[in-house]
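Architecture and fold: a report
Read off the chains here:
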Amino acid sequence: MIRLCFTILLSVFISQASAQFIVQSDNQVEKQSLHEFATIADVGLVELSLEDFLARKNEFQFSKLTGANTNVGFTKNYYWLDFAIKNETDQKQYYILETARPITDLVDLYLVDGNGKISIQKSGDNMPFDNRSVEHRKSIFEVEIEPGETLQAYLHLGSDGEVINLPLILYSNLGFLKTTYLDQLVFGFFYGILALAAITYLFFFFALREKSFLYYSLYVISIGLMQFALDGYFYQYLTPDGGWLSLRAVILFAGISTFFLGRYSQLFLNIKQHSPFFQKTYYGFFVFVGLAIFGTLFIPAFLEFSYPVANALGLILLGIIIGAIVNLRLKKVKVDGFFITGIAFLVLGFVIFILNNFSVIENSFWTENSPKFGTGLEIIFLSLSMGNRIRQLRSEKEEMQALALQKAEEMNEHKSYFLSNMSHELRTPLNAIMSMAAELSREAKDDETRRNADVIKYASIGLLSSVNDILDFSQIEKGQLNLDIIQFEPRKMLKVIEKNAQQQAKEKGLELIFTIDDELPNELLGDPLRLAQIINNVLNNAIKFTLEGFVHFDLQVRKNAGGTKATVEINISDSGVGIPESKIETIFNLFTQERIDDKRKFGGVGLGLSIVKSLVDLHNG
């Protein structure tokens, strides 16, 4: 302990010979960089205690800080800084000292007063958050200086490979409060934009199923989490106990965001179609990103190199995107202007940040947070470009729908032409079969042959009815279905229908009751074929869907006062499966049957009742 005090007093004496920041009554501090009053030494990979450092201080080479944001690069070495603050006022002064990035692993401040008393404050994200001396996302410390007192300060820093930045800013309480207000404004705006963009385009993905929206949303989420980790919020709110994930959060989300930005730009620029070379370049790049993420997660020794690798991969991706854009423009392929502007802002933000890291440009709130401004503006302009993407997709969809409609109309015409011709082709052999069956029935000398001939004849009539349905369907589609008004004998027509129906009913073991009003005239003017078609279709349906029991056909006639017109009312009822009330409105639609399996179970194509309705409408029925 005596040696420690002696060493400290010697150190204080030596430091007093060097520059020190002096607080005077006429220069009250609100915000002051102490870089010009501080020196720094690289002590290598050995973590020294304060006692050991002071004992070996003469072994190390100290140098002045080069600027307000000195950068020592990507390193695993430990560093010690020393500086002094003197209070020449007659009042006790209270300050807040800010240094190092929030993600720096080890940040310890030792303050030695004129009596050799040491106070220690600790920070860094390699410890539980509530173990920090000041529970704040930043590396900050409280500094109190008695009137006339000189404080000798020693700052100990260590990292696992990320960049160590050395701002050394002394704030008054009011000055720090003002900085906090500005942080809240900028960060709130930044994270608000990211959250809004991520949620909006995630909704667009689920609505449109366009993958570029998904990759864009995931990119925004991952870049937001990376910035959340860089700002110390991830450690403060999500991993307050520190540990494995806390130390790797920045690198992990940097790799993930790089991958999603690459995939998004690849899809948005349609690289696959326009540039096979850059398509291969993208996929090769993704392999390296995957290896970097794997190394970060599972190879502890890789953590030392992961930070420069992540920065390099980010710059390489920006180079690939810029190269792809130039390539597309040279090929006269239009590239969205908002996309180019967004990438330009991202590049600008990171260039400023890198220049600030290497102390080429002066450190300030704006240069320190340039990646946020660049990323925020990038997100805004890429969101605008995604708006154009939505309009493009909608236009392409409308064009595809118009093309599909045109093809559907062409196919419909071909189908109608095919059905019409097929119907005509089938009617000729069916008529021949019906004639041969009728001739065979007349010439038959035994009842069995006559019955077989009648079966052929009536089956042919049923088949001919289906063929006529197909022909009528094509005519209905073209609006060419008309009635032929001729004189015919309704009872003769009904007799043929009855015989055909009786044959079908008999085969199914059904009772067919056929009732015709005596008031039915012997001759009528109308279309006998269409009337027969109406009756056949409904009657055949009744027989088809009745498994047992009866089918009842009832025709009633109501003559008008003049006696020149008659209203024919036809009722067909059966004991079949029936039709639910909810289906009544749909059974007259094309290709409709009561249940899906009815076509397999009962046969037919579902045209009959639709044609019946069209024919009844033509009769004003």
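The next point concerns the overall build of the chain. In terms of regular secondary structure, the chain is built from 17 helices and 18 strands. Across the 621 residues of the chain, 46% fall into the buried class. For the chain, long-range pairs separated by at least 24 residues make up 75% of all intrachain contacts whose partners lie at least 6 apart in sequence. With the model as given, the accessible surface of the chain reaches about 32,500 Å², and the carbon-plus-sulfur share is 59%.

The next thing to look at is empty space enclosed by the protein. In total, this model carries three cavities of 30 Å³ or more according to the counting rule given. Residue lining of the largest cavity: 15 residues in total, with Ile 103, Asp 125, Ala 229, Ser 246 and Val 250 positioned closest to the centre. At the level of secondary structure, the elements contributing two or more residues to the lining of the largest cavity comprise helix H5 (233-238) and helix H6 (244-268). Here the lining of the largest cavity gets four residues from one element, more than from any other, and that element is H6. The space that makes up the second largest cavity amounts to roughly 80 Å³. If you go around the second largest cavity, the residues you meet are Ile 251, Ala 254, Gly 255, Thr 258, Ala 292, Ile 293, Thr 296, Phe 302, Ser 306, Val 309, Ala 310 and Leu 313. At the level of secondary structure, the elements contributing two or more residues to the lining of the second largest cavity comprise H6, helix H8 (276-298) and helix H9 (303-330). Its residues placed into classes, the lining of the second largest cavity shows eight nonpolar, four polar and no charged.

On to helix H4 (residues 211-230). Helical geometry note: an α-helix holds 3.6 residues per turn, so side chains three or four residues apart project in the same direction. For H4, which comprises 20 residues, the first-to-last C-alpha distance of 29 Å matches the rise-based estimate of 28 Å (1.5 Å per residue) to within 8%. With its phi angle positive at about 90°, Gly 232 sits one or two positions after the end of H4.

With the rule as written, the count across this model stands at 36 aromatic pairs. Among the aromatic side chains, those forming a connected cluster through ring pairs are Tyr 201, Phe 204, Phe 213, Tyr 216, Tyr 264, Phe 268 and Phe 339. A cation over a ring is seen here: Lys 57 above Phe 62, with NZ or CZ 5.5 Å from the ring centre. The ring of Phe 205 carries the charged tip of Arg 209 above its face, separated from the ring centre by 5.6 Å.

This brings us to the pattern of salt bridges. Here the structure, examined in full by the defined rule, presents 13 salt bridges. Residues Lys 122 and Asp 108 are paired through a salt bridge, measuring 3.2 Å at the closest nitrogen-oxygen approach. Within this pair, whereas Lys 122 is found in strand S9 (residues 118-123), its partner Asp 108 is found in strand S8 (residues 106-112), the two being separated by 14 residues in sequence. Residue classification places Asp 108 among the buried positions, given a relative accessible area of 3%. Here the residues in one salt-bridge network are Glu 98, Arg 137, Lys 138 and Asp 183, joined through shared partners.

Bringing unusual backbone geometry into the picture now. In this model, Ala 100 sits at a positive phi of 55°, which is unusual for a non-glycine residue. When its relative accessible area of 6% is taken as the criterion, Ala 100 is described as buried. Unlike most non-glycine residues, Asn 620 shows phi in positive territory, near 60°.

Our focus in this paragraph is the pairing of strand S7 (residues 93-99). Note on strand geometry: in a regular strand, side chains alternate between the two faces of the sheet. The element S7 is extensively covered by neighbouring structure, given that six of its seven residues are classed as buried. Across six bridges, S7 lies against strand S10 (residues 140-145) in antiparallel orientation. By the bridge assignment for S10, Leu 97 is matched with Phe 141. Note: S7 against strand S13 (residues 168-171), four bridges, orientation antiparallel. Looking at the pairing, Leu 97 lines up with Leu 170 of S13.

Attention shifts here to the confidence of the model for the chain. Across the chain, pLDDT averages 84, with 88% of residues at or above 70. This model gives residues 1-17 a pLDDT under 50, and the stretch forms 21 contacts once residues within four places in sequence are excluded. Between residues 593-603, whose pLDDT stays under 50, and residues either more than four places distant or in other chains, the model counts 23 contacts.

Looking now at the side chain of Lys 372. For Lys 372, the location among the structural elements is in helix H12 (residues 370-443). Owing to a relative accessible area of 5%, Lys 372 belongs among the buried residues under this scheme. Once residues lying within four places of it in the same chain are set aside, the contact partners of Lys 372 are Phe 187, Phe 190, Tyr 191, Gln 227 and Asp 231.

The strand order across the open sheet built from three strands is S15-S17-S18, with neighbouring strands paired in mixed fashion. The outermost strands of the open sheet, each flanked by one partner alone, are strand S15 (511-516) and strand S18 (566-574). Averaged over all adjacent pairs, the angle separating strand axes in this sheet is 10°, with direction ignored. In terms of strand pairing, S15 meets strand S17 (residues 550-559) through six bridges, oriented parallel. Across the sheet, residue Glu 511 finds its bridge partner in S17, namely Phe 550. Running over the sheet, helix H14 (residues 490-508) touches S15 and S17 and is turned about 170° from S15. The sheet contacts of helix H15 (residues 528-544) involve S15, S17 and S18, and relative to S18 the element is tilted by about 15°.

Analysis parameters
Residues numbered from 1 in each chain as written. Predicted model: local features only at pLDDT ≥ 70, side-chain atom pairs only at ≥ 80, totals over all residues. Heavy atoms only, no water. Helix = DSSP H or I, 4+ residues; strand = E, 2+ residues; numbered from the N terminus. Buried < 20%, exposed > 50% of the residue type's maximum accessible area, 1.4 Å probe, protein only. Contact = heavy atoms within 4.5 Å. Areas by Shrake-Rupley, 256 points an atom, 1.4 Å probe, with all protein chains shown as cover. 1 Å grid on protein atoms, 1.4 Å probe; cavity = no way out; pocket = protein on both sides within 12 Å on 5 of 7 lines; lining within 4 Å. Points joined across faces, edges and corners; volume = space filled by probe spheres on them. Nonpolar A, V, L, I, M, F, W, Y, C, P; charged D, E, K, R; others polar. Expected span 1.5 Å × (residues − 1). Phe/Tyr/Trp six-rings, centres within 6.5 Å; stacked < 30°, edge-to-face > 60°. Lys NZ or Arg CZ within 6 Å of the ring centre and 35° of its normal. Salt bridge = Lys/Arg side-chain N within 4 Å of Asp/Glu carboxyl O. Pairing = 2+ DSSP bridges. pLDDT = per-residue confidence, 0-100. Axes fitted to C-alpha atoms, helices over the stretch in contact; angles between N-to-C directions.

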